[in-house]
Amino acid sequence: MTPPLPQLDDIRALEEALHRTEVRRSRAALEELLAEGFVEFGASGTVYHRAEIIDLLLQENDEDDGELRADNYRLTAISPDAVLLTYRTHRIEADGSQRNALRSSIWKWDGTKWQMLFHQGTVTPPA
């Protein structure tokens, strides 16, 4: 059964959950949010698959945490059971360095819940 299309706030909340340390360090939470077949094109240019990204996120330490701000969210339906979320991030690292990125995620309905199927980050100059 195809669900009604989600609201921006619903998908944004799922996306932002992946920004939180307690979610990034929980295998169960990550497996709930990331679909089988998940792929990420990282801002570094590296391609990550579901198992790899889960293992990497579980290994992050407190030094990896910086302040992340996100804005300019937009949600676009791409099929009856998939949406594209785009937004901008600005990260200030603990050492004071900064990085800006354009981000996009495809969220797919699996029959019971929305899960991220694809994510991409593209580094940009400051807005």
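Description of the structure in this document. Please read all numbers here as calculations on a predicted model, not as lab measurements.

Glancing now at the nonpolar core. Leu-18, Leu-34, Ile-53 and Trp-107 are the most contacted members of the largest nonpolar core, which has 20 residues in total. Listing elements by their share of this core, those giving two or more residues are helix 1 (8–17), helix 3 (27–33), strand 1 (34–41), helix 4 (50–59), strand 4 (82–92), strand 5 (98–109) and strand 6 (114–124).

Attention shifts here to the environment of Glu-60. One can find Glu-60 in the loop between helix 4 and strand 3 (67–79). The residues touching Glu-60, leaving out its near neighbours within four places in the chain, are Arg-24 and Arg-25.

This part is about the pairing of strand 1. With four bridges connecting them, strand 1 and strand 6 associate as parallel partners. Counted as the bridge partner of Glu-40 is His-119 from strand 6. By the bridge criterion, three bridges tie strand 1 to strand 2 (residues 47–49) in an arrangement that is antiparallel. Residue pairing for strand 2: Glu-40 is matched across the bridge by Tyr-48. Here strand 1 folds back onto strand 2 in antiparallel fashion, the turn holding five residues, of which Gly-45 has a positive phi close to 95°.

Cut-offs and rules
Sequence order as written defines residue numbering, which begins from 1 separately in each chain. With the structure being a predicted model, the display of local features is reserved for residues of pLDDT at least 70 and the display and counting of side-chain atom pairs for 80 or more, all residues being used for whole-chain, interface and lining totals. Only heavy atoms go into the side-chain values, all of them from the structure, while hydrogens and water stay out. The nonpolar core is taken to be a set of buried Ala, Val, Leu, Ile, Met, Phe, Trp, Tyr and Cys residues, with the residues joined through side-chain atoms within 4.5 Å. Partly exposed describes any residue whose relative accessible area lies between the buried limit of under 20% and the exposed limit of over 50%, with all areas from a 1.4 Å probe on protein chains only and scaled to the type maximum. By definition, any uninterrupted DSSP run of H or I lasting at least four residues is a helix, any uninterrupted run of E lasting at least two residues is a strand, and each is numbered from the N terminus. By definition, residues are in contact when any of their heavy atoms lie within 4.5 Å. One requirement defines pairing of two strands: DSSP has to find at least two bridges between them.

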